[in-house]
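Below are the chains, spelled out letter by letter.
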Amino acid sequence: FRAFTRLLFNNSQDINFSFPKKIKRLYRAAGCIRDYQLQQERIKKMIKKSERPQAYLLFLGKSVRRFEKKFSSIAYKKAIAQNKKLLTKLLPADFSEEPFEHFFRQQWDTVHSMIAQHNFSDDSLHSIRKCIKDIQYNLEIYTARFSKSIPPLFPVRDIPHIKILLDLLGDHQDIRRALD
């Protein structure tokens, strides 16, 4: 949803769009729940049961429940419906392949640029991951909408490697978030 919104408003100065506060709160609550659950899983995998920090695990469990309450208290179905209506109004009637392909090229060029600069800071790795995920999610829409395969950004044989890279970058981001 966010990836498609970024595609829609990519380089568009005449459209001013931002996600409603409820949607932002929803994403934040979901992200916090996931972060705490991942921390619980890591501790359970890495530390013998008898040596686990029970007080910290209890804290994580309470935190998950607190954010689950926040998540369920947000009238997210209504907010999502309103957001879809707004996006539908803003969506051009003749939405063609060109904006997709331009967006894919732009995101892929951004990835190449960061790699060429040898800047592999945590923030750069996260930006690389976001660009690739934007491509991945929007490719699903592209192939469904236009009944075509992937535009020639990268060879089809590289797709499994790109998926592995996304998983590794996701693991790195999860660990980084856990350390913050």
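Structure's up top.
Residues numbered from 1 in each chain as written. Predicted model: local features only at pLDDT ≥ 70, side-chain atom pairs only at ≥ 80, totals over all residues. Heavy atoms only, no water.

Peer 1: Please clarify how the nonpolar core should be interpreted in this entry.
Peer 2: Soluble, globular proteins show a tendency: their nonpolar side chains are buried together. One finds Phe100, Phe104, Ile128 and Ile132 to be the most contacted residues of the largest nonpolar core, which totals 18 residues. Elements with a minimum of two residues in this core: helix H5 (97–116), helix H6 (122–146) and helix H7 (159–179). No other element matches the eight residues that H6 contributes to this core. With residues up to four places along the chain from it excluded, the contact list for Ile128 reads Val111, Met114, Ile115 and Leu169. Listed in part, the nine residues of the second largest apolar core include Cys32, Ile43, Leu57 and Leu60. (Core = buried A, V, L, I, M, F, W, Y, C linked by side-chain atoms within 4.5 Å. Buried < 20%, exposed > 50% of the residue type's maximum accessible area, 1.4 Å probe, protein only. Helix = DSSP H or I, 4+ residues; strand = E, 2+ residues; numbered from the N terminus. Contact = heavy atoms within 4.5 Å.)

Peer 1: Any chance you could explain the side chain of Ser124 here in plain terms?
Peer 2: Residue position: Ser124 is located in helix H6. A relative accessible area of 8% places Ser124 in the buried class. Here Asn119 takes part through its side chain, which lies 3.1 Å from a polar atom of the side chain of Ser124. Aside from chain neighbours lying at most four places away, what touches Ser124 is Met114 and Asn119. (Polar contact = N/O pair within 3.5 Å; in protein donor to acceptor, adjacent residues only side chain to side chain.)

Peer 1: I'm lost on the pattern of salt bridges in this one. Help?
Peer 2: Close approach of charged atoms allows side chains of opposite charge to pair. In the structure shown here, the tally under the stated rule is five salt bridges. Close ionic contact of Glu51 with Lys48 constitutes a salt bridge, the shortest N to O distance being 3.6 Å. We note that Glu51, like Lys48, is exposed. With a closest N to O distance of 3.5 Å, Asp109 and Arg105 form a salt bridge. Taken together, the positions of Asp109 and Arg105, both in helix H5 and four residues apart, correspond to about one turn of that helix. One connected set of salt bridges, linked through shared partners, spans Asp122, Asp123 and Arg176. (Salt bridge = Lys/Arg side-chain N within 4 Å of Asp/Glu carboxyl O.)

Peer 1: Please explain the packing of aromatic side chains as it appears in this structure.
Peer 2: The geometry of an aromatic ring pair is captured by two quantities: the separation of the ring centres and the angle between the planes. Taken as a whole and assessed by the stated rule, the structure comprises four aromatic pairs. Taken together, a centroid distance of 6.2 Å and an interplanar angle of 85 degrees make the contact between Tyr36 and Phe59 edge-to-face. One end of the pair, Tyr36, is in helix H2 (residues 21–46); the other, Phe59, is in helix H3 (residues 54–73), with 23 residues separating them in the sequence. Note on Tyr36: relative accessible area 18%, which makes it buried. Where Tyr36 meets Phe67, the ring centres are 6.0 Å apart and the plane angle is 35 degrees; that geometry is what we call tilted. (Phe/Tyr/Trp six-rings, centres within 6.5 Å; stacked < 30°, edge-to-face > 60°.)

Peer 1: So what exactly am I meant to see when it comes to the side chain of Gln173 here?
Peer 2: Of note, Gln173 is situated in helix H7. Gln173 has contacts with His126 and Arg129, leaving out every residue within four places of it along the chain.

Peer 1: Teacher, can you tell me more about H7 here?
Peer 2: Structurally, the α-helix is built with 3.6 residues per turn, so residues lying three or four positions apart point the same way. Here H7 spans 30 Å end to end across 21 residues, near enough to the 30 Å set by a 1.5 Å rise per residue. Looking at the buried positions of H7, the neighbouring elements they touch are H2, H5 and H6. (Expected span 1.5 Å × (residues − 1).)

Peer 1: Teacher, can you tell me more about the packing of H6 against H7 here?
Peer 2: Angle between the axes and distance between the axes are the two parameters that describe a pair of packed helices. Interaxial distance between H6 and H7 falls to 10 Å at its minimum, and their mutual angle equals 135 degrees. Of the possible angle classes, the one that applies to H6 and H7 is oblique. In this structure, H6 crosses over H7, and the sense of that crossing is left-handed. Residues Asp122, Asp123, Leu125, His126, Ile128, Arg129, Ile132, Lys133 and Gln136 of H6 form the contact with H7, whose participating residues are Ile162, Leu165, Leu166, Leu169, Gly170, His172, Gln173 and Arg176. Residues that form the contact of H6 with H7 fall into these classes: seven nonpolar, five polar and five charged. (Axes fitted to C-alpha atoms, helices over the stretch in contact; angles between N-to-C directions. Parallel < 35°, antiparallel > 145°, perpendicular 65-115°, else oblique. Left-handed = near helix turned anticlockwise from the far one by under 90°. Nonpolar A, V, L, I, M, F, W, Y, C, P; charged D, E, K, R; others polar.)

No statement about biological role is implied by the geometric values presented.
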